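This is what each chain is made of:
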Amino acid sequence: MIKIRCDGREISVREGTSVAAALLGEGNLELRRSATGAARGPLCGMGVCMECRVTIDGEAHRLACQTLCVAGMDVKTL
Amino acid sequence: MTPSPDVIIVGAGIVGAACAYELAQAGARVEVLESGIAGGGATAAGMGHLVVLDDNEPELALTKLSVSLWHELAKTLPAAAEFWRCGTLWIAADAVELAGAKAKLDMYTRHGLAAELLDERQLYEAEPQLRAGLAGGLLAANDAVVYAPVATRFLLEQAKARVTRTTVANLDELKSGAVVCATGSLTPALIPELPIRPRKGHLAITDRYPGFARHQLVELGYLQSAHGESGESVAFNVQPRPTGQLLIGSSRQYGVDTASIDAPILSRMLERAFGYMPGLRDCRVVRTWTGFRASTPDKLPLIGKWRGNIYLATGHEGLGVTTSLGTAKILAAEILGRPSPIPPAPYRVERFHD
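Residues numbered from 1 in each chain as written. Chains lettered and ligands numbered in written order. Predicted model: local features only at pLDDT ≥ 70, side-chain atom pairs only at ≥ 80, totals over all residues.

Asker: What is the right way to look at the environment of Thr-258 of chain B in this model?
Answerer: Position of Thr-258 of chain B among the secondary structure elements: in the loop between strand S13 (245-254) and helix H9 (263-276). A C-alpha to C-alpha distance of 9.8 Å links Thr-258 of chain B and Phe-292 of chain B, two positions 34 residues apart in sequence. (Helix = DSSP H or I, 4+ residues; strand = E, 2+ residues; numbered from the N terminus.)

Written out as C-alpha cells, the structure is:
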C-alpha cells in the first residue's frame with residue numbers, strides 16, 4: 001500500500017491504482033466544475049472525455065483516469 | 001406581404017450587424033443576407049480585442065471612436081457577450097521598444113486616452129508569467145475584450161433585422177434604397193475590382209488557467225506584423241478569457257486560400273508566445289483554428305459609397321470587431337445624409353483611384 005494526499009486528506013491505496021479509482025474508492029465523484037459551474041467527474045475512464053481533470057502536484061488539468069498514484073502525490077479536486 | 005426593406009446588408013458579421021443596428025436606430029427597415037451563420041466568419045475566428053491603434057491618424061480616429069462606442073454599448077450587452085475592460089498591455093522587450101512605448105504614451109495622453117508606462121518591475125508585478133528581462137510596457141487601461149459572435153446576435157436582435165440565409169451572387173440584383181456590402185474577406189467574389197486580399201490567421205485556446213494572465217498582452221512589434229507587407233509573420237498576442245482560458249495569437253499569411261492548420265506557422269506562433277511567457281508551454285491547448293481577415297493595401301477599411309445604391313463596409317483586416325461600431329456610425333451618416341462623427345474621407349474607396 002502507498003499513501004497519497006487528496007484535498008489535504010491522506011488516503012492509502014494499492015500500488016498501480018489510478019488517481020480516478022483512488023478518488024472513486026473514497027466516494028469522491030465530483031472532481032471539477034465546468035465553466036458554467038456544473039459538477040464533472042470521471043465518465044469514460046480511458047482518457048478521452050477529459051472530464052476527470054484534477055490538479056496533481058500543482059499541475060492543473062491532469063487526467064485522473066490516466067495517472068497512476070505515486071507515494072506522496074498531492075491531488076486537488078474542484 | 002412584407003414591406004421591402006429600406007436597406008439590405010450583405011453579410012451578418014459584426015460589421016454588418018453593427019450597420020443594421022445603427023440604421024435601425026435611425027428608423028430604417030433593415031434586411032440582412034448571410035450565406036453562413038451570423039457572426040460565424042472572421043467575427044468568430046478573431047480574438048474580439050477592442051483596441052485603440054495609432055499607426056496613423058485615420059486608424060487612431062476610427063479605433064478611438066469605436067472603443068468609446070463599445071463602452072457605451074457594454075451597458076446593454078448580455079452577460080454572455082463577456083465584455084471585459086481588461087486593458088491592453090503593450091510589451092517592450094528592450095530599450096528601443098521602451099522608447100517606442102514612451103512615444104505611444106505621449107500620443108495617448110495628447111488624445112486624452114488613459115495610459116500608463118510600466119518599468120521592468122511594474123511589468124513583472126502586473127503579469128508575473130512574463131519572462132524576466134523585458135524592458136517594460138505601456139498599459140492602455142481602457143481597451144477591452146468581447147465575445148463577438150454574441151455581440152453580433154445582440155446587435156441583430158436590437159435592430160429587429162430580418163436575417164435571411166442566402167448566397168448573393170450579384171449586388172446589382174438586390175432591390176432596395178441602399179445595399180451595404182459587409183462581406184469581409186469574401187468581398188472579392190462580389191466586387192473583384194476592390195483591393196481586398198484575404199489574410200489568414202491562426203489562433204489557439206488553452207484550458208482554464210485562472211489568473212495566468214490579467215490583461216490583453218501584445219508585443220510592441222505587433223504593428224510591424226499587422227501592418228507590414230511581408231508574406232508571413234507572427235507576433236506575441238495573448239488574451240485571458242473571463243473563464244480563465246487563454247487565447248494565443250497571432251499569425252498573418254497572404255496568398256493562402258485553405259482554412260486548414262498550417263503546422264509550421266502555428267508552431268512559430270506558439271514559440272513566439274513561449275518566448276514571452278515560458279509557462280504557456282505547460283498549458284494545455286484544447287483547440288486551434290484559422291480565419292481570414294479582409295486586408296487592404298493601407299490596412300484601413302473601405303467605408304462609404306461604391307456606386308449607385310451600393311455602399312461598402314468591408315476591408316477591416318484584424319480590427320473589424322473594434323471598428324464595427326465606428327464604421328456603422330460613418331456609413332449610416334452617409335446613407336442618411338447626416339454629419340459623420342469623424343472625417344470619412346480616409347476610409348472612402350476613392351483613395352485607391354488615381
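After presenting the structure, the write-up continues.
Asker: I tried to follow the packing of helix H1 (residues 14-25) of chain B against helix H6 (residues 148-158) of chain B on my own but got confused; where do I start?
Answerer: Packed helices, taken two at a time, are described by the angle between their axes plus the distance between the axes. All names here are of chain B. Orientation of H1 relative to H6, taken along the N-to-C sense of each, is 25°, at an axis distance of 8 Å. Compared by their axis directions, H1 and H6 come out roughly parallel. Between H1 and H6 the crossing geometry is left-handed. Residue-level inspection shows Ile-14, Ala-17, Ala-18, Ala-20 and Tyr-21 of H1 in contact with H6, the latter providing Ala-148, Ala-151, Thr-152, Leu-155, Leu-156 and Gln-158. Here the contact of H1 with H6 is composed, by residue class, of nine nonpolar, two polar and no charged. (Axes fitted to C-alpha atoms, helices over the stretch in contact; angles between N-to-C directions. Parallel < 35°, antiparallel > 145°, perpendicular 65-115°, else oblique. Left-handed = near helix turned anticlockwise from the far one by under 90°. Contact = placed C-beta atoms within 7 Å. Nonpolar A, V, L, I, M, F, W, Y, C, P; charged D, E, K, R; others polar.)

Asker: Is there a simple way to think about the nonpolar core in this case?
Answerer: Counting 105 residues, the largest nonpolar core has Cys-19, Ala-20, Val-146 and Val-180 of chain B as its most contacted members. Among the elements that take part in this core, H1 of chain B stands out by supplying nine residues, more than any other. With near-sequence residues (within four places) excluded, Cys-19 of chain B lies in contact with Ile-9, Val-180, Ala-182, Ala-313, Ala-328, Leu-331 and Ala-332 of chain B. If you look at the next biggest cluster of nonpolar residues, it comprises 16 residues, including Cys-6, Val-19, Cys-52 and Ala-64 of chain A. (Core = buried A, V, L, I, M, F, W, Y, C linked by C-beta atoms within 7 Å. Buried ≥ 20, exposed ≤ 12 C-beta atoms within 10 Å, placed from the backbone.)

Asker: Can you help me understand the sheet that holds strand S1 (residues 2-6) of chain A in this one?
Answerer: Hydrogen bonds between backbone groups are what pair the strands of a sheet, and the pairing can be parallel or antiparallel. All names here are of chain A. Ordered by their spatial adjacency, five strands build an open sheet running S2-S1-S7-S5-S6, and the pairing between neighbours is mixed. Two strands lie at the open edges of the sheet, namely strand S2 (9-13) and strand S6 (59-63), each paired on one side alone. The mean inter-strand angle of the sheet, taken between neighbouring strand axes irrespective of direction, is 40°. Looking at chain direction, S1 and strand S7 (residues 74-76) are connected through two bridges and run parallel. Bridge assignment links Cys-6 to a residue of S7, and that residue is Val-75. (Pairing = 2+ DSSP bridges.)

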